[in-house]
Amino acid sequence: MDNKKLTQAKRRQERRQRFSAGLRDMAAYHPAKALIPLAYLVIVALAWVNRAKVLTPLARGNDLIYHSVSLSLLLVALILLPEIIIALGTPKRSAEIQAALIAAGFVNSARTPPMLFSIRRAKEQGYMYEFDPDNIPLSHWEKDKEKIGAALRCRVVSVKLSPDGKRMLVHGISMRSTLPEMVYWKDEYLSPDSFVLTLGVGLLGNRETINIANTPHILLGGSTGSGKSLLLKLLLMQSLQKGATVYIADFKGGVDYSPAWHRRCKMVFEPQSLLATLEDLTSELERRRKLFFTAGTPNIDEYNETTEANLQRYILACDEVAEVLDTTELNKAEKKLFVQIVRQLSLIARQGRAFGIHLMLATQRPSANLIPGEIRTNLTFRICGRADDILSRIILDSPAAAEQIPPDSKGLFVTNMGQTFKGFLFGDSVLEQ
Ligand SMILES: Nc1ncnc2c1ncn2[C@@H]1O[C@H](COP(=O)(O)OP(=O)(O)O)[C@@H](O)[C@H]1O
Ligand SMILES: [Mg+2]
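Residues numbered from 1 in each chain as written. Chains lettered and ligands numbered in written order. Predicted model: local features only at pLDDT ≥ 70, side-chain atom pairs only at ≥ 80, totals over all residues. Heavy atoms only, no water.

Visitor: What should I look at first to understand the overall build of the protein in this one?
Guide: A count of helices and strands for the protein gives 17 helices and 14 strands. Projected onto its principal axes, the C-alpha positions of the protein cover 105 × 50 × 45 Å. Residue pairs in contact within the protein that sit at least 24 positions apart in sequence constitute 64% of those at least 6 positions apart. Summed over its atoms, the accessible surface of the protein is roughly 22,200 Å², and 57% of this surface lies on carbon and sulfur atoms. (Helix = DSSP H or I, 4+ residues; strand = E, 2+ residues; numbered from the N terminus. Contact = heavy atoms within 4.5 Å. Areas by Shrake-Rupley, 256 points an atom, 1.4 Å probe, with all protein chains shown as cover.)

See the structure below:
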């Protein structure tokens, strides 16, 4: 009984809130909507004035019937007025969004999602979603931007309280509406810093970048045709322009790479030579460790700066790492080789950052255990293109890519650092320069 009363009280409160949201929506943002209740009132008034025409023949001269029927109809008409305003205070997608918020786990202590009052075009770009803060502190809203974005199917760029403190204003931008179909790479986008790589155009027209001095290793995912090979190439192309040495591990013989790539990069076609390459890289890592220790510098950038040396970065890339590391069909001796490969990869993943040795690994396979845990945890920068829920969770640890990237899109990505971007397109002729 108590529970029932509570739900009833909650429903009443919700209706009151939706009523005032409807009124405010009309007054502040959509004055045209006020025409709906006004038109309704006009119709009711006209019906009242003309009621005699319809009701007199029905009442057949009985005044009591005439007055009670007309008063009842007026009452019903007036009761319906707040319903119209409540409907105006209930955004079209609100039930769906509320359910999505529950699914995403963004709820208050009573396990209910905050109520959505209105959706309107934001002054800048995208939409402003107006919620009841519902006792959820601002810090939680900010921490869970990704979850909220998933429910709203957009990227949340900011969350703030309304000036009166009664509403939470969530500014979201949908990818489809703002990102261009194609954006072409220009040489001027190449960052002058050796550790900054440019990814693409962000939702606000900005350029999104990655700092590989902070997040040295990249895990890139996306289903076939999502644009991940091209994005990997974009990162490798910039690394080459900055003077890095790039290794590409590809057991299919490098067919996806034009001759320019074969010329500029060191291609690794077999497991045995991959192991040899990794051993070269880890011994370079040890050599640098001693150099940096002697010079008293903590990392490659400071070492280069203080000693005026020009140590270059090394990048090991693999486009289909799940295929390369898949050992299911191998014999015992081959498996042993892979154990060594994984050991070397782990060492680079754990320690490569300071020494300028980086991994960029891509996969389309939605299988979590193909990349060993100790490597995975050190691939701290995650990028995911169009993907299903499983792949998105494997790459980003969240369903963001599955929920935010439209199914037919190419070159659209989200990162675990809260970036959304369209990758730059470029032709291999850039490599000829
Ligand atoms: N950044 C992008 N912008 C526009 N189209 C792209 C972009 N990246 C890739 N594409 C298109 O998608 C196709 C597949 O890209 P690709 O990188 O081979 O995908 P994947 O490796 O994920 O299968 C490309 O041939 C290209 O036409
Ligand atoms: Mg590919």
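Visitor: Would you take a moment to explain a nonpolar patch on the surface for this structure?
Guide: Together, Leu35, Leu38, Leu41 and Leu78 give the surface a local cluster of nonpolar side chains, amounting to about 370 Å² of exposed area. Counting residues per element, the nonpolar patch draws most heavily on helix H2 (residues 35-49), which supplies three residues. Looking at the secondary structure, you find leucine 35 in helix H2. Judged by relative accessible area, leucine 35 falls into the exposed class, the value being 55%. (Patch = residues over 30% accessible without salt bridge, like charges linked within 9 Å, V, L, I, M, F, W, Y side chains within 5 Å. Salt bridge = Lys/Arg side-chain N within 4 Å of Asp/Glu carboxyl O. Buried < 20%, exposed > 50% of the residue type's maximum accessible area, 1.4 Å probe, protein only.)

Visitor: What exactly am I supposed to notice about the nonpolar core here?
Guide: Generally speaking, soluble globular proteins have nonpolar side chains that are buried together. Leu236, Trp261, Ile341, Met360 and Ile383 are the most contacted members of the largest nonpolar core, which has 85 residues in total. Of all the elements, helix H14 (residues 332-355) adds the most residues to this core, at eight residues. Other than its neighbours up to four places away in sequence, isoleucine 383 contacts Leu199, Ile218, Leu219, Leu220, Gly221, Leu231, Ile395, Leu396, Phe413, Val414, Thr415 and Phe421. Formed by 16 residues, the second largest nonpolar core is a distinct cluster that contains Leu101, Trp141, Ile148 and Cys154. (Core = buried A, V, L, I, M, F, W, Y, C linked by side-chain atoms within 4.5 Å.)

Visitor: What exactly am I supposed to notice about the site of ligand 1 here?
Guide: As a structural note, the neighbourhood of ligand 1 is formed by 14 residues, with Gly225, Lys228, Ser229, Leu230 and Gly423 the closest of them. One of the backbone N or O atoms of leucine 230 is found 2.9 Å from an oxygen atom in ligand 1. Considered on its own, ligand 1 offers 560 Å² of accessible surface; in the complex 72% of this is hidden by protein. Those elements that provide at least two residues to the shell around ligand 1 are helix H9 (228-241) and strand S14 (420-423). Element by element, the count of residues in the shell around ligand 1 is highest for H9, at three residues. Considered class by class, the residues forming the shell around ligand 1 number two nonpolar, eight polar and four charged. (Near = heavy atom within 4 Å. Polar contact = N/O pair within 3.5 Å; in protein donor to acceptor, adjacent residues only side chain to side chain. Nonpolar A, V, L, I, M, F, W, Y, C, P; charged D, E, K, R; others polar.)

Visitor: It is not clear to me how the domain arrangement of the protein should be interpreted in this structure. Could you clarify?
Guide: Accessible area lost when the parts come together is the quantity often used to give the size of an interface. Looking at the protein, the domain boundaries give domain 1 (2-88), domain 2 (94-173) and domain 3 (178-432). The straight-line distance from the C-alpha centre of domain 1 to that of domain 2 is 31 Å. Note on domain 1 versus domain 2: buried area summed over both sides is about 820 Å², and carbon and sulfur give 47% of it. When the buried surface of domain 1 facing domain 2 is broken down by residue, Gln17, Arg18 and Tyr29 rank first, second and third, together holding 51% of it. (Domains from an automatic or database assignment. Buried area = accessible area lost by both parts, 1.4 Å probe.)

Visitor: Please explain the pattern of salt bridges as it appears in this structure.
Guide: Working definition: two side chains of opposite charge can pair if their charged atoms are close together. Counted by the stated rule, this structure contains 22 salt bridges. In this structure, arginine 365 and aspartate 326 form a salt bridge, with 2.9 Å as the shortest nitrogen-oxygen distance. On the criterion of sequence distance, the pair formed by arginine 365 in the loop between strand S11 (357-363) and helix H15 (373-376) and aspartate 326 in the loop between helix H13 (321-325) and H14 is long-range, its members being 39 residues apart. Since its relative accessible area comes to 21%, aspartate 326 is described here as partly exposed.

Visitor: Before we go on, may I ask you to explain the pairing of strand S10 (residues 314-318) in this structure?
Guide: Working note: regular strand, side chains alternate between the two faces of the sheet. Within S10, five of the five residues are buried, which leaves it mostly tucked inside the rest of the structure. The alternating pattern of S10 places Tyr314, Leu316 and Cys318 on one face and Ile315 and Ala317 on the opposite face, and all of these are buried. Pairing geometry for strand S8 (residues 245-249) and S10, over four bridges, is parallel. Each residue of the ladder has a partner; that of tyrosine 247, found in S10, is leucine 316. (Pairing = 2+ DSSP bridges.)

Visitor: For this particular structure, what's the right way to read the sheet that holds strand S3 (residues 155-161)?
Guide: Strands belonging to one sheet form pairs held by backbone hydrogen bonds; the direction of such a pair is parallel or antiparallel. The antiparallel open sheet is built from four strands, whose spatial order is S1-S2-S4-S3. Each of the sheet's edge strands pairs with one partner strand only, and the pair in question is strand S1 (116-121) and S3. Each neighbouring strand pair of the sheet contributes to a mean axis angle of 20 degrees, computed without reference to strand direction. Sheet topology note: the strand S2 (residues 127-131)/strand S4 (residues 168-173) ladder contains five bridges and is antiparallel. Pairing of methionine 128 across the sheet is with histidine 171, part of S4. Across the sheet, helix H5 (residues 94-104) is in contact with S1 and S2; its angle to S1 comes to roughly 110 degrees. Of the strands in this sheet, S2, S3 and S4 are in contact with helix H7 (residues 145-152), which crosses S3 at around 115 degrees. (Axes fitted to C-alpha atoms, helices over the stretch in contact; angles between N-to-C directions.)

Visitor: In this structure, what is going on with the side chain of aspartate 132? I would like to understand it.
Guide: Take aspartate 132: it is sitting in the loop between S2 and helix H6 (138-143). Notably, aspartate 132 is buried but unbridged: the nearest opposite-charge side chain belongs to arginine 167, and the N-O separation is 5.0 Å. The residues touching aspartate 132, leaving out its near neighbours within four places in the chain, are Gln17, Pro114, Met115, Phe117, Trp141 and Lys166. (Lys, Arg positive; Asp, Glu negative; His and termini not counted.)

Visitor: Where do I start with the environment of proline 113 in this structure?
Guide: Examined against the element boundaries, proline 113 turns out to sit in the loop between H5 and S1. As a C-alpha pair, proline 113 and valine 324 span 211 residues in sequence and 44 Å in three-dimensional space.

Visitor: Got a minute to help me understand the packing of H2 against helix H4 (residues 63-88) in this structure?
Guide: When two helices pack together, their arrangement is given by the angle between the helix axes and the distance between those axes. Taken N-terminus to C-terminus, the directions of H2 and H4 make an angle of 175 degrees; their axes are 10 Å apart at the nearest point. The angle between H2 and H4 falls in the class roughly antiparallel. When H2 is examined against H4, the residues Ile36, Pro37, Tyr40, Leu41, Val44 and Trp48 are found in contact with a partner set consisting of Ser70, Leu71, Leu74, Val76, Ala77, Leu80, Leu81, Ile84 and Leu88. Of the residues contributing to the contact of H2 with H4, the split by class is 14 nonpolar, one polar and no charged. (Parallel < 35°, antiparallel > 145°, perpendicular 65-115°, else oblique.)

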